[in-house]
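# Geometric and topological summary
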Amino acid sequence: MVDLQQQYQQIKPEIDNGIQEVVDSCAFINGPAVKSFQTDLESYLGVRHVIPCANGTDALQVSMMALGLNPGDEVITTSFTFIATAEVIALLNLTPVLVDVDQDTFNIDPEAIRRAITPKTKAIVPVHLFGQSAPMEEILEIASQHNLYVIEDNCQAIGSDYIYTSGLRKKAGSIGNVGCTSFFPSKNLGCYGDGGAIFTNDDELAKQLRIIVNHGMTIRYYHDLVGVNSRLDSIQAAVLRVKLKHLDEYAAKRRAAADYYDHAFAGQPGLKIPYRYPKSTHVFHQYTLITSNIDRKELIEFMASREIPVMIYYPVPLHLQKAYLDPRYKEGDFPVTEALSEQVISLPMHTELDEEQLAHITSSLLEFINR
Ligand SMILES: *Cc1c(COP(=O)(O)O)cnc(C)c1O
């Protein structure tokens, strides 16, 4: 699905240098590379504060802790996402309230958010799924009407622009009270291990976030809050500094591959190409088709016989996951999510797809469809 080896070869001297510098300095934790990356990312995103942390899941958890959410508070999020989004809500003894998604964008449906609000609702967690921003203006409006926090799960859309009705552009993740991202190797901005970051424009909140990621410590060995240990290490920061410089070029390469796929599949019976939401640029974390009347298992086997991986993101909606079964929800409650989980397929999507590979992937899939 991704080709990190080829990508590394393109930037090897810069990456090797960056890593070597950290090793030479032995400043493995909170070294200068972490501070530099933090500043670089702040200016790239146009946010006042970036708080690096250990992974995207921690970014979400620490955000909810810093906002002072308490057990029993309801947090609204989407039923069609990676489990981490709901996992941290459950871990903090908050109540995840799931809502359905829009069938074109795969992102949280603002009307469904409105219907899910109760007096206990404290926050909304939109996920910018597969590389496109959720409908942020609608979400911000709902949040301000009901006095709710907005925590953006931007693990899949770093670099994407949300485009306001006025034409104003802001980076996905920089719009709500707080934004969270992951630098897991296969993400659009991936390091060579685990990593994550939290973004905010709120000075007070930034202070809390920095304290919580560092054991709740204000002055060394004085712990004012219950915190966690969540750090981005210096080697990962060195890798990320290099890759951040290439992020826009990487997004352009992903878009070019998506354009190729779109062109090949447009109008094909049984395949619906990804909808391009006009209020967001698309950074194609995934290229996801909606199939109809196609046996996905056969399709995946056929593609595997051509050495082409095809994945299903995500095969089981959150409310039907064993660990998250809840008497509040049953099969049929989120029809769009449930249909998508039975119909979607994702094709290889990365920065190193060349014409020959794209031709092989598209012709193989078309051959399967038109058998
Ligand atoms: C990857 C991902 C996460 C978690 O990130 P990790 O760094 O793996 O902890 C959370 N939410 C979404 C939508 C993701 O894709």
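Residues numbered from 1 in each chain as written. Predicted model: local features only at pLDDT ≥ 70, side-chain atom pairs only at ≥ 80, totals over all residues. Heavy atoms only, no water.

## A few points about the domain arrangement of the chain
Each assigned domain of the chain is listed here: domain 1 (4–99 + 106–244) and domain 2 (247–369). On a C-alpha basis, the centroid separation for the pair domain 1 and domain 2 is 25 Å. In this complex, domain 1 contributes 45 residues to the contact, which on the side of domain 2 involves 34 residues. Counting each side, the surface lost to burial between domain 1 and domain 2 is near 3,400 Å², with a carbon and sulfur contribution of 59%. (Domains from an automatic or database assignment. Contact = heavy atoms within 4.5 Å. Buried area = accessible area lost by both parts, 1.4 Å probe.)

## Regarding the pattern of salt bridges
Summed over all chains, the structure comprises 19 salt bridges. In this structure, glutamate 137 and lysine 279 form a salt bridge, with 2.6 Å as the shortest nitrogen-oxygen distance. With glutamate 137 in helix 6 (residues 136–146) and lysine 279 in the loop between strand 12 (271–272) and strand 13 (287–291), this residue pair connects regions lying 142 residues apart in the sequence. The class of glutamate 137 is partly exposed, set by a relative accessible area of 22%. A salt bridge links glutamate 301 to lysine 297; its shortest N-O distance comes to 3.6 Å. Pair noted here: glutamate 301 and lysine 297 are both in helix 10 (residues 296–305), with a separation of four residues, about one helical turn. Its relative accessible area of 47% is what places glutamate 301 among the partly exposed residues. Among the charged side chains, a network of salt bridges with common partners joins Glu111, Arg114 and Glu141. (Salt bridge = Lys/Arg side-chain N within 4 Å of Asp/Glu carboxyl O. Helix = DSSP H or I, 4+ residues; strand = E, 2+ residues; numbered from the N terminus. Buried < 20%, exposed > 50% of the residue type's maximum accessible area, 1.4 Å probe, protein only.)

## Observations concerning the site of the ligand
Near the ligand lie 13 residues; those nearest to it are Gly56, Thr57, Asp153, Ser182 and Lys187. Glycine 56 has a polar backbone atom sitting 2.8 Å from an oxygen atom of the ligand. A distance of 2.5 Å is found between an oxygen atom of the ligand and a side-chain nitrogen or oxygen belonging to threonine 57. Here the ligand loses 92% of its free accessible area of 380 Å² to cover by the protein chains. (Near = heavy atom within 4 Å. Polar contact = N/O pair within 3.5 Å; in protein donor to acceptor, adjacent residues only side chain to side chain. Areas by Shrake-Rupley, 256 points an atom, 1.4 Å probe, with all protein chains shown as cover.)

## Notes on the pairing of strand 14 (residues 344–347)
Where burial is concerned, the two faces of strand 14 agree: the one with Val344 and Ser346 and the one with Ile345 and Leu347 are both buried. With four bridges connecting them, strand 13 and strand 14 associate as antiparallel partners. For threonine 288, the partnering residue across the bridge sits in strand 14 and is serine 346. (Pairing = 2+ DSSP bridges.)

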